[in-house]
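# Breakdown of the fold
This is what each chain is made of:
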Amino acid sequence: MKRFDVAVIGGGIAGASAAFWLSVGLSADRSADRRVVLFEQESELAFHSTSRSAAVYLENYGGPTNHRLSTASRGFFENPPGAVDAPFLEPLGFLDVGPESSADEFAARAAEAAKVTSSICFLDASQIAELCPALRPEHAVVGVWEPDAMAVDVMAVHQFYVREARARGLQIERSSRVESLDRRDDRWKITTSSGELEASVVVNASGAWGDHVASLARAAPVGLTPRRRTAFTTRTHHDTTGWPFVHSGVVGAECYFKPEAGQQLLCSLADETATTPGDARPEELDIALAIDRLNALADLNIRSVATTWAGHRTFAPDRQPVIGWDDEADGFVWMVGQGGAGIVTSPASGMVVASLIGGEELPDPLKNLGLTTEMLGRRG
Ligand SMILES: Cc1cc2nc3c(=O)[nH]c(=O)nc-3n(C[C@H](O)[C@H](O)[C@H](O)COP(=O)(O)OP(=O)(O)OC[C@H]3O[C@@H](n4cnc5c(N)ncnc54)[C@H](O)[C@@H]3O)c2cc1C
């Protein structure tokens, strides 16, 4: 039976980043010398959440652990460790807006976020109007502004991980659903829909399916919930040059829009409907509600949509990522619960997985931001 050092389950951005760092290694000489295999149940990689995101790189998102993982990932996005055809990031900016009643909360949030990312600041109504004149003043009185948030080319990042890892021997098994995991003699016997092989360590990067894959290894679930989020694109009459990504988190009015090339807006209801793992599909009602909310938030005059889709954002109960060894199942590493930050945190998360499996300390850029293996691993 073919034998590997590490088997990664899941061909989304999480699995690809783990496979990348495991294959190329964390040291500057890039010599991991590991045999790594990656399984993906679909016929193509990145079929689920990874290809359905809003493609935004922002640091201040998803709680303190994700914030630090995203900040630690910026260096990778700005200076990828290998050749690329075009930059991964393009300037964008992220503006969270709210009414007058949110002023105290927004000021506190901006001050807290600035401790990690110093450019984040509080904005008043006139500053907001300069950034996006289409916003209706009554809904955009105060804001938290992250000027260095960027648009990210998600598929280019994913392809980079895969290409560089394959160049160092990564084996990719598409249309291979992992169906059983049996631990014997310090090795996993892995049975998939396309065959069997062995690996010393398994990395569970299976997104919405994370608890199901854990059950195959007889590891206790962490309590993951996939939450559907609907998105669509629409054409706008505005010249959106220089507009930032605009988000409203006001309860009952949640929505966002992002300017894209060709006078398009990428829009969402910012919904979080609890669901089960599978191929997420958009609901017409969610799109209609999003259009209502967006037209109320700004003078966008949205009447029709161009394309629609939905994807899962999968959360642990405390909404922080779970990246670490399982306490009970020997040789089983979790890499799940990325929620709405799986793209932006992927470089640092993959580094965490590679350092754990290599028996190394967390890399300095992560430690320096206060990240610890205890914060990242299984909790409770
Ligand atoms: C509308 C929307 C907007 C978003 N916007 C952003 C954003 O702007 N920035 C950001 O950082 N994040 C964003 N996200 C979140 C981001 O998309 C996810 O956090 C990320 O894609 C999760 O990656 P993943 O690899 O864990 O999951 P996935 O991409 O879902 O990959 C998991 C893979 O595991 C495979 N798998 C499962 N079980 C098995 C098995 N038994 N055997 C083999 N393979 C298996 C699945 O087929 C799947 O391909 C957004 C998400 C949505 C839905």
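Scroll up a little and you will see the structure.
Fair warning: this is a prediction, and the values are worked out from it, not measured in the lab.

Here is what the cut-offs are and how they apply
Residues numbered from 1 in each chain as written. Predicted model: local features only at pLDDT ≥ 70, side-chain atom pairs only at ≥ 80, totals over all residues. Heavy atoms only, no water. Axes fitted to C-alpha atoms, helices over the stretch in contact; angles between N-to-C directions. Helix = DSSP H or I, 4+ residues; strand = E, 2+ residues; numbered from the N terminus. Left-handed = near helix turned anticlockwise from the far one by under 90°. Contact = heavy atoms within 4.5 Å. Near = heavy atom within 4 Å. Polar contact = N/O pair within 3.5 Å; in protein donor to acceptor, adjacent residues only side chain to side chain. Areas by Shrake-Rupley, 256 points an atom, 1.4 Å probe, with all protein chains shown as cover. Buried < 20%, exposed > 50% of the residue type's maximum accessible area, 1.4 Å probe, protein only. Pairing = 2+ DSSP bridges. Expected span 1.5 Å × (residues − 1). Phe/Tyr/Trp six-rings, centres within 6.5 Å; stacked < 30°, edge-to-face > 60°. Lys NZ or Arg CZ within 6 Å of the ring centre and 35° of its normal. Salt bridge = Lys/Arg side-chain N within 4 Å of Asp/Glu carboxyl O. Parallel < 35°, antiparallel > 145°, perpendicular 65-115°, else oblique. Nonpolar A, V, L, I, M, F, W, Y, C, P; charged D, E, K, R; others polar.

### Observations regarding the packing of helix H1 (residues 13–24) against helix H5 (residues 154–167)
Where H1 meets H5, the closest approach of the two axes is 8 Å, and the angle between their N-to-C directions is 35°. Of the two elements, H1 crosses H5, and the hand of that crossing is left-handed. Contacts between H1 and H5 involve Ile 13, Ala 16, Ser 17, Ala 19, Phe 20, Ser 23 and Val 24 from the first element and Val 154, Val 157, His 158, Phe 160, Tyr 161, Val 162, Glu 164 and Ala 165 from the second.

### Side note on the site of the ligand
The environment of the ligand is made up of 38 residues, and the closest members are Glu 40, Thr 50, Gly 339, Ile 343 and Val 344. Contact distances for the ligand include 2.9 Å between a nitrogen atom and a backbone N or O atom of Val 178. Contact between the ligand and Gly 339: an oxygen atom at 2.8 Å from a main-chain N or O atom of the residue. Burial of the ligand by the surrounding chains reaches 97%, relative to a free accessible area of 1000 Å². Going through the elements one at a time, H1 and strand S18 (307–315) are the ones with two or more residues in the shell around the ligand. Top contributing element to the shell around the ligand by residue count: S18, with three residues.

### Brief notes about the side chain of Ser 206
You can see Ser 206 is positioned in the loop between strand S12 (195–204) and helix H6 (210–216). Residues within four places of Ser 206 in sequence aside, it is in contact with Ile 9, Gly 10 and Val 213.

### Concerning the pairing of strand S5 (residues 94–98)
Put simply, side chains in a regular strand alternate between the two faces of the sheet. S5 sits mainly inside the fold: five of its five residues count as buried. Burial along S5 is two-sided: Phe 94, Asp 96 and Gly 98 and Leu 95 and Val 97, pointing in opposite directions, are all buried. With four bridges joining them, S5 and strand S14 (residues 245–248) adopt parallel strand pairing. Residue Leu 95 lies in a different strand from S14, and its bridge partner there is Val 246.

### What to know about helix H8 (residues 346–357)
Side chains of residues three or four places apart in an α-helix project in the same direction, reflecting 3.6 residues per turn. Over its twelve residues, H8 runs 17 Å from end to end, which matches the ideal 16 Å to within 8%, given 1.5 Å per residue. When you tally the buried positions in H8, you get twelve out of twelve residues, the bulk of the element. Every buried residue of H8 is accounted for by Ser 346, Pro 347, Ala 348, Ser 349, Gly 350, Met 351, Val 352, Val 353, Ala 354, Ser 355, Leu 356 and Ile 357. Downstream of H8 by one or two residues, Gly 359 has phi in the positive range, about 70°.

### Focus: the packing of aromatic side chains
Within a pair of aromatic rings, the relevant descriptors are the distance that separates the centres and the angle that separates the planes. Throughout the structure, instances matching the rule amount to 16 aromatic pairs. Geometrically, the ring pair formed by Phe 88 and Phe 160 is edge-to-face, given 5.7 Å between the ring centres and 75° between the ring planes. With a gap of 72 residues between them, Phe 88 in the loop between helix H2 (63–78) and strand S4 (89–91) and Phe 160 in helix H5 connect regions that are remote in the sequence. Assessed through its relative accessible area of 3%, Phe 88 is described here as buried. When the ring of Phe 94 is compared with that of Phe 245, the centres are 5.1 Å apart and the planes differ by 25°; the resulting orientation is stacked. With Phe 94 in strand S5 and Phe 245 in strand S14, this pair connects stretches of sequence that are 151 residues apart. For the cation-ring pair, Arg 52 lies above Phe 47, with the distance from its terminal atom to the ring centre recorded as 5.2 Å. Arg 319 extends its terminal NZ or CZ atom over the ring of Phe 315, reaching a point 4.0 Å from the ring centre.

### Thoughts on the pattern of salt bridges
This structure, assessed with the given rule, holds 27 salt bridges. Residue Glu 112 pairs with Lys 115 through a salt bridge whose shortest N-O separation is 2.9 Å. The partner of Arg 163 in a salt bridge is Glu 164, and the shortest N-O contact between them spans 3.4 Å. One salt-bridge network, in which partners are shared between bridges, spans Arg 229, Glu 272, Arg 313 and Arg 319.

### Description of the side chain of Lys 258
Of note, Lys 258 is situated in strand S15 (residues 255–260). For Lys 258, a relative accessible area of 4% corresponds to the buried category. One polar contact links the side chain of Lys 258 to the main-chain carbonyl oxygen of Ala 55, over a distance of 3.4 Å. Not counting residues up to four positions away in its chain, the partners in contact with Lys 258 are Ala 54, Ala 55, Val 56, Leu 92, Ala 151, Phe 245, Gln 264, Leu 265 and Leu 266.

### Here's the deal with the packing of H1 against H8
Axes are the key here: two packed helices are described by the angle between their axes and the distance separating the axes. One way to put it is that H1 packs onto H8 with a least axis distance of 8 Å and a crossing angle of 50°. Judged on the interaxial angle alone, H8 and H1 are oblique. The handedness of the crossing between H1 and H8 is right-handed. Along the contact surface, H1 presents Ile 13, Ser 17, Ala 18, Trp 21 and Leu 22, while H8 presents Ser 346, Pro 347, Gly 350, Met 351, Val 353, Ala 354 and Ile 357. Of the residues contributing to the contact of H1 with H8, the split by class is nine nonpolar, three polar and no charged.

### Topic: the sheet that holds S4
Within the open sheet, the three strands sit side by side as S3-S8-S4. Their pairing is antiparallel. Strands at the two margins of the open sheet, each flanked by one partner only, are strand S3 (56–57) and S4. Note: S3 against strand S8 (residues 150–152), two bridges, orientation antiparallel. Its bridge partner lying in S8, Tyr 57 is registered against Met 150.

### Topic: helix H7 (residues 284–297)
Look at H7: 20 Å from first C-alpha to last across 14 residues, which is about the 20 Å you get at 1.5 Å a residue. Within H7, burial applies to Asp 286, Ile 287, Ala 290, Ile 291, Arg 293, Leu 294 and Leu 297. Residues of H7 that are buried in the fold lie against S5, strand S13 (225–235), S14, S15, strand S16 (264–268) and S18.

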